[in-house]
Amino acid sequence: MCTRRDFVKAAGLSVAAAQGIAPGAAAGETGGAALAPASQQALIDQVAAEAFAEKHTPPKVSREGYARHNILFITSDQHHYMAMGYHNPAVKTPNLDRLAARGVVFDRAYTVNPTCTPTRASLITGKYPSQHGAWSLGTSLAESEPCIGDDLARAGYRTALVGKAHFQPLQGTLEHPSLEAYPVLQDLDFWRTFNGPFYGFERVELARNHADEAHVGQHYALWMEAKGGKDCWRDWFAKPTGTQSRQYGAWNIPEDYHYNVWISERTNALMEAYVNEGSPFFLWSSYFDPHPPYLLPEPWASMYDPADIELPEFPADKMDDMPLHYRLTREEGARLEYSKRYQEHGGSGTHGFHLHRRPDEKLKEDIAYYYGMVSMMDHYIGKTLEKVDALGIADKTLIVFTTDHGHYHGQHGLYAKGSFSFEDGIRVPLIASLPGVLPEGTRSSALQSLVDLPPTFFTFAGIDHPWHFAGVDQYEVWRGEAERARDHVIVENRHQPTTIHQKTYISSRYKVTIYCNQEYGELFDLDEDPNEDRNLWDMAEYAPLKSELLTKFLHAELAKESIPMPRIAGA
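All figures in this text were calculated on a predicted structure; none of them were measured in a lab.

(A) Main features of the overall build of the protein. A tally of regular secondary structure across the protein gives 17 helices and 19 strands. Burial statistics for the protein: of 571 residues in total, 57% are counted as buried. Once local pairs closer than 6 in sequence are excluded, the contacts in the protein between residues at least 24 apart make up 71%.

(B) Local environment of the pairing of strand β18 (residues 510-515). Among the six residues that make up β18, five are buried, leaving the element largely enclosed by the rest of the structure. Pairing analysis gives five bridges linking strand β17 (residues 501-507) to β18, with the strands arranged antiparallel. Residue pairing for β18: Q502 is matched across the bridge by Y515. Here β18 runs beside strand β19 (residues 521-525); their pairing, made up of five bridges, is antiparallel. Paired with T513 across the two strands is E522, which belongs to β19. In textbook terms, the turn of a hairpin is the stretch between consecutive antiparallel strands, and for β18 and β19 this stretch comprises five residues, one of which, N517, has a positive phi near 60 degrees.

(C) Representation of the sheet that holds strand β9 (residues 397-403). The sheet built from eight strands is open, its strands ordered β5-β4-β7-β1-β9-β13-β2-β14 with mixed pairing. What marks the edges here is a single partner per strand, and that holds for β5 (203-207) and β14 (442-444). For this sheet the average axis-to-axis angle between neighbouring strands, irrespective of direction, equals 10 degrees. The sheet contact formed by strand β4 (residues 158-164) and β5 spans five bridges and is parallel. Within β5, the residue paired with A160 across the bridge is R203. In the packing of helix α4 (residues 94-101) onto the sheet, contacts are made with β2 (104-106), β9 and β13 (430-433), and the angle to β13 comes to roughly 55 degrees. Across the sheet, helix α10 (residues 259-277) is in contact with β1 (70-76), β4, β5 and β7 (281-286); its angle to β4 comes to roughly 175 degrees.

So, how was this worked out
- Residues numbered from 1 in each chain as written.
- Predicted model: local features only at pLDDT ≥ 70, side-chain atom pairs only at ≥ 80, totals over all residues.
- Heavy atoms only, no water.
- Helix = DSSP H or I, 4+ residues; strand = E, 2+ residues; numbered from the N terminus.
- Buried < 20%, exposed > 50% of the residue type's maximum accessible area, 1.4 Å probe, protein only.
- Contact = heavy atoms within 4.5 Å.
- Pairing = 2+ DSSP bridges.
- Axes fitted to C-alpha atoms, helices over the stretch in contact; angles between N-to-C directions.

If you want it as structure tokens, here you go:
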């Protein structure tokens, strides 16, 4: 993004000033004699200031004593917000707990979409999925979309992503090609020479597989081969790429070859290189776990005993007052029924549309392995936190940890993820730490959305916000200088063009979900019913409340529309 002055010059105001044309004058009208260069520049600056007054966040770099900060962005994948030691002592996350003790924990943070691609695209565009176009899994973020890495690079930042991107699907077409698709993701000769640019990142080091999936390839496979020789890794992964049948629980991969090691090692190496050259950096360390499949090497696989796991409880009639696609999760033959009722052209299936019932003992095993994946990931995140300290940049580096969306492991009788709007799937962990700038060891109930991260990052980087950002700047909230920056969040969830197209509005107390072309919906009072066991949507006594919330929802939808550019003229 250009500066305000550059934008105004590019728009032709410098020419107008040189010709003595007053701003706003009609064609053919002049404002007198040509201006001297100094006066010309003064006029440009004046017009720029007036055109952008109170419409842009002022560049914080201009504030006395303010320094641009490095940004270390660490994410997990499909991470339930309660699977953190500071929330649940049964889950061992000593390093993330240490980060929380050095920063702020946000207890009411939400995703913008409870699936990967839409949210990850929002994290690098500052837009909602309905705005950037990657509306569901199996779609691509258009390469024409402006990304935050471009703006940060223009401001002098080094930018890199290590780990999971998932900005593109596993299949490509002539119209919609994908670098994350077969066969190119396993063309190692290509990846030997390609490290970017990719969606605004100057450098990327990528992988695409979760655990032993056959999607293994890209830079991760090259790293394994550099350690152990050509094709050393194939016996650890599923056919047809590898030689194994699908594994569960204890993975046969040596820990030294696990992608957690790769992500941590490469994150640390890039960070050290940027520090040594004296460049500020935006570095996204993007982990794959604890996203299923539930698979990890020993000793982590045995860290939690399934017998010690307490399963979530829910009423037997849990889904009786919910929309049909919730109720079908309890029925045999659900997958076929879902296909008949909801599948549309252009939809390509829907996550979570199947029977969700699972034997208790099997669910306990799943959760035990899920917790082990969290703890193993925490261990390697800890190595990066130690590297920050060793490099002496803790007071110069904003560290943010979050995930792309939540997870169900038995809550409400649901499993994994899908087109569901309970807190377990849409609420996310969020920690921000910057000693000396942010409060330490505090917790906040201020509403946060992942779409707020780009504008907030830009403020910590001391650069202007692009006009198209749809999130809000949480800088003052993170610093403890303001109680809140927003009074609601919106979560989008679209798996089919129309049949599964829903949006959720969440205030400090209430949550309401609406569906495209449908009369059914969801309404919960999160204060009185935190487990979301009682859907108020069809209850007559709550009709006034529903009407009030739907009006607020419409206002919120209008307010979140982004602006590609300002009005630069009267007509």
